[in-house]
Amino acid sequence: MEMMKAVVFRGVNDLRVEEVSKPRPKAGEAVIRITATTICGTDVHIVKGEYPVREGLILGHEPVGVIDELGEGLDDEFSIGQRVIVGAITPCGQCFYCLNAAHSQCGGALGGWRFGNTINGAWSEYLLVPHARANLAAVPEALTDEQVLMLPDIASTGISGAESGNIRIGDSVAVFAQGPIGLCATLGARLRGASAIVGVDPVAERRAMSQRFGASMTLDPTSEDVVKRLKELTGGRGVDVAIEALGRQETFESALRSIRPGGVLSSLGVYSGKLVAPYEAIYAGLADQRIVTTLCPGGKDRMRRLMAMVSDHRMDLTPLITHRFALDDIEDAYDLFSRQGDGVLKVALFPAAAPTRTRGLQNGETLSHMAF
Ligand SMILES: [Zn+2]
Ligand SMILES: [Zn+2]
């Protein structure tokens, strides 16, 4: 049996680089060799034990790679060696939910999210891709791995916040939290034609990045009353669309209080516990407002569209990648990302890169520094 290296979840705060068996594709499935992947905030929830997955699972849901092996029935469309990305969400395209245009809910609530949740994920040398015909998305030759690394999840999710908010040309938009997803929501608001786009975040570097991603102004919630300021900026009405990109009661409530009657709260955050909507914040429930939630859209055509936006120079997500690690150095990468050290936004992980520390080297391997 062929073996491969992978990062395995062994329990709360216990990630290990292990040798595991390399997957083989059945009919309709493919195996890709991962060339780049990354860590998501959701992975941190998993590792901390806040979102349960089974012990022994390979984590990670953001794959960039090369087709290594195709199961039966795919060689009319795909070929070995082809560069691909796969969305974090892998819809089947055939079930009740997919056929009712709720692809991310494939098979049931959150069911489209398989990688690093219900099946092995992308923090490995090889990844088994289910429903491959619906999910392998060929990468245009001119694009580098890093140019497409944010598309499987971060960009797809963030931009979906603007799409679900149905932002129209000239709308005023506030985006609460400017982490990687919030920044992509800001970008989405710009692409949808919003006029005023207000990025809200307590961290100065993130507010600076927010302007780079399309915010027309930024607000620091620790130094001013954001809801009051947003009302002042919109003639007392409130913004047309607020996007929540953190998943906390405070940001949800501020987003709700900041939208005008008839406005939309588009929610992207992952919440835990109870979420409360105070009656005055929703005008007793009578103000024709909408609250919409969205899970990252996946599937190969979503990925094709996002790659087209990069190819055609409509967006560049590479500024989000602030740090690079060998997959072997997952411990360092996870530590930096989970404690949000050193101004990190996203880390890129490379399975083929040599580790930068002596720990984990075997069989006469020598220490070599990565060439990135
Ligand atoms: Zn994610
Ligand atoms: Zn489905």
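All values derive from a computational prediction rather than experimental measurement. (Residues numbered from 1 in each chain as written. Chains lettered and ligands numbered in written order. Predicted model: local features only at pLDDT ≥ 70, side-chain atom pairs only at ≥ 80, totals over all residues. Heavy atoms only, no water.)

As for the overall build of the protein chain
Of the regular secondary structure elements, the protein chain holds 11 helices and 15 strands. For the protein chain, whose C-alpha radius of gyration is 21 Å, the value lies close to the compact-globule estimate of 21 Å for 372 residues. Across its three principal directions, the C-alpha atoms of the protein chain cover 65 × 45 × 40 Å. Evaluated residue by residue, the protein chain yields a buried proportion of 54% over its 372 residues. Contacts in the protein chain between residues at least 24 apart in sequence constitute 68% of all its contacts with a sequence separation of at least 6. Between the centroid of the 37 positive side chains of the protein chain and the centroid of its 44 negative side chains there is a distance of 5 Å. (Helix = DSSP H or I, 4+ residues; strand = E, 2+ residues; numbered from the N terminus. Rg over C-alpha atoms; globule rule 2.2 N^0.38 Å. Buried < 20%, exposed > 50% of the residue type's maximum accessible area, 1.4 Å probe, protein only. Contact = heavy atoms within 4.5 Å. Lys, Arg positive; Asp, Glu negative; His and termini not counted. Charge placed at Lys NZ, Arg CZ, Asp CG, Glu CD.)

Examining the coordination of the zinc ion (ligand 2)
Within the protein, the atoms that donate to the zinc ion (ligand 2) are Cys-92 (SG), Cys-95 (SG), Cys-98 (SG) and Cys-106 (SG), at distances of 2.3 to 2.4 Å. Of note is the zinc ion (ligand 2), whose four donor atoms meet at the metal with angles of 100 to 114° in an arrangement that counts as tetrahedral. Spacing between the donor residues of the zinc ion (ligand 2) along the chain follows C-x2-C-x2-C-x7-C. For the pair shown, Cys-95 and Cys-98 are each scored as buried. (Donors = N, O, S within 2.8 Å, 3.2 Å for Na, K, Ca; no water. Tetrahedral: all angles 85-135°; square planar, octahedral: opposite > 155°, others 65-115°.)

Some words on the coordination of the zinc ion (ligand 1)
The coordination sphere of the zinc ion (ligand 1), as far as protein atoms go, consists of Cys-40 (SG), His-61 (NE2) and Asp-153 (OD), spread over 1.7 to 2.2 Å. Written as a sequence motif, the donor residues of the zinc ion (ligand 1) are C-x20-H-x91-D. One end of the pair, His-61, is in the loop between helix 1 (41-47) and strand 4 (64-70); the other, Asp-153, is in helix 5 (residues 151-164), with 92 residues separating them in the sequence. We classify Asp-153 as buried; its relative accessible area is 6%.

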